[in-house]
Amino acid sequence: MSKQFDILVIGAGPGGYIASIRAAQLGFSVACCEFSAYDDPSGEPRLGGTCLNAGCIPLKALVASSEVFEKVSHHLEDHGITVSDVSMDVARMQKRKEDIVTKMTSGIQFLFRKNKITLLKGRGSFAGRTDAGYRIIITGKDGEEEEVLAQKVIIATGSKARHIPNIQVDNVTICDNEGALKFTEAPKKLGVIGAGVIGLEVGSVWRRLGAEVTVLEVMPSFLGAADESVSREASKLFLKQGLQIRLGVRIGQAIITDKGVSIAYTDDQGSEHTLECDKLIVSVGRIPNTEKLNLEAVGLQTDERGFIPVNDHCATSAPGVYAIGDVVRGPMLAHKAEDEGVLVAELIAGQKPHLDYNSMPWVIYTTPEIAWVGKTEQQLRAEGRDYKTGQFPFAANGRALGLGDSEGFVKMLADAKTDEILGVHIIGASASDLIAEAALAMEFRASSEDIARTCHPHPSLSEVVREAALAIEKRALNM
Ligand code: FAD
Ligand code: NAI
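Please read these numbers as outputs of a predicted model, since none were measured by experiment. Sequence order as written defines residue numbering, which begins from 1 separately in each chain. Think of it this way: whatever chain is written first is A, whatever ligand is written first is 1, and the rest follow in order. For a predicted model such as this one, the threshold for reporting local features is a pLDDT of at least 70, and the threshold for listing and counting side-chain atom pairs is 80 or more; totals across whole chains, interfaces and linings nevertheless cover every residue. In computing side-chain properties, one takes all heavy atoms of the structure into account and sets aside hydrogens as well as water.

(A) A look at the site of ligand 2. Here a residue counts as near a molecule or strand whenever at least one of its heavy atoms sits within 4 Å of it. Around ligand 2 there are 25 residues in total, and Glu201, Glu217, Gly285, Met332 and Val363 lie nearest to it. The contact in question runs from an oxygen atom of ligand 2 to an N or O atom on the backbone of glycine 285, over 2.8 Å. The method behind every accessible area is Shrake-Rupley, applied with a 1.4 Å probe, and residues are considered shielded solely by the protein chains displayed. Protein chains shield 78% of the accessible area of ligand 2, which is 840 Å² for the free molecule. Secondary structure elements are taken from DSSP: a helix is a run of H or I of four residues or more, a strand is a run of E of two residues or more, and numbering for both begins at the N terminus. Of all elements in the fold, only helix 6 (197-208) and strand 18 (362-364) reach the threshold of two or more residues within the shell around ligand 2. Nitrogen and oxygen atoms within 3.5 Å of one another constitute a polar contact, given that in protein one can donate a hydrogen and the other can accept it, and given that sequence-neighbouring residues count only through two side-chain atoms.

Here's what the structure looks like:
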């Protein structure tokens, strides 16, 4: 007889594992199946999905190591510290990264046991529906099949790197995110296709470790999703750091040679060029994972971009089947996947949760960090909304100067009449942490005056957020 569960979650990335935990907390019997593209040496599936295995966590470990290296190599003189013979052991850095990933992924195994979640090791696919619930086939690595029944199903199968048709990714010389996080030494010359989030974060890691990095971007403008003042500032700072960014290019062929890889491209004036590099990273977006799910068995199909269509509550058109995270519309962010997981578990439990996608923060982990929440100035202009702007530089903040991290600014946008905060845009040190205050303010539909009147600790970077709020009424105190 088939095992039966209240809820079966397909995929144990940040969407799936969090949905499983929340559903178990709410008293459901829960199983989560994971076939794991990221096995550990013991053959156990590694939980945590892209985020823990080939995304957020390993990349941020490399970001941190490379930032320390750059600081020690180039930015200690002002502090009166002299160091010599600074060198980078890339293998050791990679080992540290792997140890962090292993700790985090085994932490999820522990959380599953703690919450009595059944882990089904294998690929989940729909086989149909009966009165007893949805029939799901779990196919193990050895091809062995097990059928389970579930009243509700949450699809959380995530995404994988999009590739360019005539460029063959081997994850050795031409890499997507997986290979790009595993280099055993810093390339002398690194090419990156796509000046998006991965291109900038990974490109910056290897630049800090000594690579000459050239980023080739098809769009004529840089970081189009960010506020225009932030994109301008970022472009200026990245150029100063030595990151070469070519906009408006058309990529031709990439050929692996004896020395590395040779990439043909046409620039925005129509001239043809060849970029010779040791390694090439292709980071041109991601595509949802839906193959082999056999969605048709329950009457579902993907949209023209491959996503599973869902409503505002992540419900598909099949009753009791939900989909969350990268496999559905919206930003491909781990915290978005997690929050959708919680939302669906609580909806199934009869609660009335709500997600405001407008107050979900974005962060790009470059130096300095970039973070934003809400609308950009160009979006507000396009909407014809009347707004006020307040901006304050980190260079006028004592804590930022003390830290030696005084580049960038905080910019706040508020409604001209109601003063409601409409967007906050940060380029500067600790932007990833500072943006949380802005996201909270927007969740509470706070006004800029609410932040301006809130006592902030001194000296701290958070004072820059408050000063930007004060600047909305042209009453910044330290400028
Ligand atoms: P995934 O994490 O992709 O997990 C899906 C899981 O489902 C996988 O484990 C997969 O093996 C499994 N699966 C797929 N099909 C099946 C099946 N049929 N049966 C069983 N299991 C299956 N986001 C951030 O918010 N911050 C960051 O700093 C950040 N950095 C990133 C860096 C990189 C290099 C990359 C590539 C992404 C980054 N992201 C970041 C994005 C983030 O990783 C994703 O948005 C997030 O992982 C999506 O979660 P998910 O649960 O929807 O899918
Ligand atoms: P992306 O969508 O951020 O950027 C892709 C870039 O490639 C775009 O600028 C696009 O115009 C460009 N591009 C597309 N086709 C091209 C071509 N043929 N030639 C040249 N340029 C081309 O995608 P990316 O960087 O691959 O990241 C995928 C997703 O992963 C992101 O959308 C993000 O959601 C997530 N992520 C999040 C991070 C974070 O939150 N800090 C970090 C890394 C990834």
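(B) The arrangement of the sheet that holds strand 9 (residues 189-193) in detail. Strand order in the open sheet formed by five strands is 8-15-9-10-11, with parallel pairing between adjacent strands. Of all strands in the sheet, those bounded by a partner on one side alone are strand 8 (174-175) and strand 11 (244-246). A pair of strands counts as paired when DSSP detects no fewer than two bridges linking them. In the sheet, strand 9 pairs with strand 15 (residues 279-282) via four bridges, with the strands oriented parallel. Paired with glycine 191 across the bridge in strand 15 is leucine 280. Contacts are residue-level and defined by heavy atoms, with any inter-residue pair within 4.5 Å sufficient. To obtain an axis, a line is fitted to C-alpha atoms, over the contacting stretch when the element is a helix, and the angle between two such axes runs from 0 to 180 degrees between their N-to-C directions. Its contacts with the sheet place helix 6 against strand 9, strand 10 (212-216), strand 11 and strand 15, and it is angled at close to 165° to strand 10.

(C) Highlighting the environment of leucine 47. In this fold, leucine 47 is placed in the loop between strand 2 (30-34) and helix 2 (49-54). Once the C-alpha coordinates of leucine 47 and glutamate 178 are considered, the two residues, 131 residues apart in sequence, prove to be 16 Å apart.

(D) Just the domain arrangement of the protein, in detail. Boundaries between domains were set according to an automatic or database domain assignment. Assigned domains within the protein: domain 1 (3-160 + 287-355), domain 2 (174-284) and domain 3 (359-471). Centre-to-centre, using C-alpha coordinates, domain 1 lies 28 Å away from domain 2. The interface is formed by 19 residues belonging to domain 1 together with 15 residues belonging to domain 2. Accessible area that two parts lose when put together, with a 1.4 Å probe and added across both, is what the buried area reports. Area buried by domain 1 at its contact with domain 2 is led by Leu59, Glu70 and Val90, which between them contribute 32% of it. By definition, a salt bridge exists where a carboxyl oxygen of Asp or Glu is found within 4 Å of a side-chain nitrogen of Lys or Arg. Inspection of the region where domain 1 meets domain 2 yields four salt bridges.

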